[in-house]
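Chain by chain, the residues run as shown.
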Amino acid sequence: MDSTQAYRLVEITKRFYVDNASSFSDTRRSFWRGWTRVLERVGFQEIACRSGLEFVLADIGCGNMRFEAMVAEAIEKSANSSFYVNAYCVDGTSELMDENSVLADAESRLHIDRVCMDIIGSLENSESLALLPENTKCDLVVCFALMHHVPKYAWREKLMCALMNCVSEKGYLA
């Protein structure tokens, strides 16, 4: 696929999410069962029991941030009031990120940095892709529903490298 065709597909997708953010988000409220397995594998509840710990999360292609809503529920189950999650939520559609009002109540122990970024549009024109602030490393990086929107193999490869660069030495990428 040449770049012209790829960009046309990307633009069609962008337009869909901007035009249909609210109705699309209404169909995306439940959590995926696999997300629970990811948090179990990371040992999220065990980490949440340790005192004074900050857990750094990045959700690349976060959509309406329903993964963060699930993380907020997991935080609430933790009796440790000093446990804190700093989440970087990156998506190309601010309209979709604004659709999750559930998170407003959770932000005392879940701080969310919303980053509106044209991830796919950045893949062709840059040598490497910086998804997060410089030197930011995460305990968990997730990218659940983005890869199928990346039409070129070289772009997917560059995105995978960028995702791996966000993970701390003992962190996880899902």
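Our structure is the block above this text.
Residues numbered from 1 in each chain as written. Predicted model: local features only at pLDDT ≥ 70, side-chain atom pairs only at ≥ 80, totals over all residues. Heavy atoms only, no water.

(A) Examining the layout of surface pockets more closely. Approximately 560 Å³ is the volume attributed to the largest pocket. Along its surface, the largest pocket is lined by 29 residues, and Tyr17, Gly61, Asp91, Ala145 and His149 are the ones closest to its centre. Ranked by the residues each element gives to the lining of the largest pocket, the list is headed by helix H1 (residues 3–19), at four residues. Partitioned by chemical class, the residues of the lining of the largest pocket number 15 nonpolar, eight polar and six charged. (1 Å grid on protein atoms, 1.4 Å probe; cavity = no way out; pocket = protein on both sides within 12 Å on 5 of 7 lines; lining within 4 Å. Points joined across faces, edges and corners; volume = space filled by probe spheres on them. Helix = DSSP H or I, 4+ residues; strand = E, 2+ residues; numbered from the N terminus. Nonpolar A, V, L, I, M, F, W, Y, C, P; charged D, E, K, R; others polar.)

(B) Representation of the packing of aromatic side chains within the structure. Enumeration according to the criterion identifies twelve aromatic pairs in this entry. Look at Trp32 and Trp35: their rings are 5.1 Å apart centre to centre, the planes differ by 40°, and that puts the pair in the tilted class. Overall, Trp32 belongs to the partly exposed group, its relative accessible area being 37%. Between the aromatic rings of Phe44 and Phe55, the centroid separation amounts to 5.2 Å while the plane-to-plane angle is 85°, which identifies the pairing as edge-to-face. In this pair, Phe44 sits in helix H4 (residues 44–48) while Phe55 sits in strand E1 (residues 54–60), placing the two residues eleven residues apart along the sequence. You'll find Phe44 and Phe55 in the same group, each marked buried. One aromatic cluster in this structure is built from Phe31, Trp32, Trp35, Phe67 and Phe144. (Phe/Tyr/Trp six-rings, centres within 6.5 Å; stacked < 30°, edge-to-face > 60°. Buried < 20%, exposed > 50% of the residue type's maximum accessible area, 1.4 Å probe, protein only.)

(C) Molecular detail of the packing of helix H3 (residues 33–42) against helix H5 (residues 66–77). Contact geometry for H3 and H5: axes closest at 11 Å, N-to-C directions at 50°. In this view, H3 runs oblique relative to H5, as classed from their interaxial angle. H5 is crossed by H3, and the crossing has right-handed handedness. Only Arg66, Phe67, Met70, Val71 and Ala74 of H5 make contact with H3, whose side of the interface consists of Trp35, Thr36 and Leu39. (Axes fitted to C-alpha atoms, helices over the stretch in contact; angles between N-to-C directions. Parallel < 35°, antiparallel > 145°, perpendicular 65-115°, else oblique. Left-handed = near helix turned anticlockwise from the far one by under 90°. Contact = heavy atoms within 4.5 Å.)

(D) Broad picture of H3. Of all the positions in H3, only Trp35, Val38, Leu39 and Val42 are classed as buried. Along the long axis of H3, the arc covered by the buried residues comes to 95°, so they all point the same way. For H3, the exposed residues lying more than 90 degrees away from the buried face are Arg33, Arg37, Glu40 and Arg41. At the exit of H3 stands Gly43, carrying a positive phi of roughly 80°. (Arc of directions from axis to C-beta.)

(E) Broad picture of the environment of Arg28. The topology assignment puts Arg28 in the loop between helix H2 (21–26) and H3. Along the primary structure Arg28 and Leu159 are separated by 131 residues, whereas in three dimensions their C-alpha atoms are 24 Å apart. Setting aside anything within four residues of it in sequence, one finds Arg28 in contact with Asn64 and Arg66.

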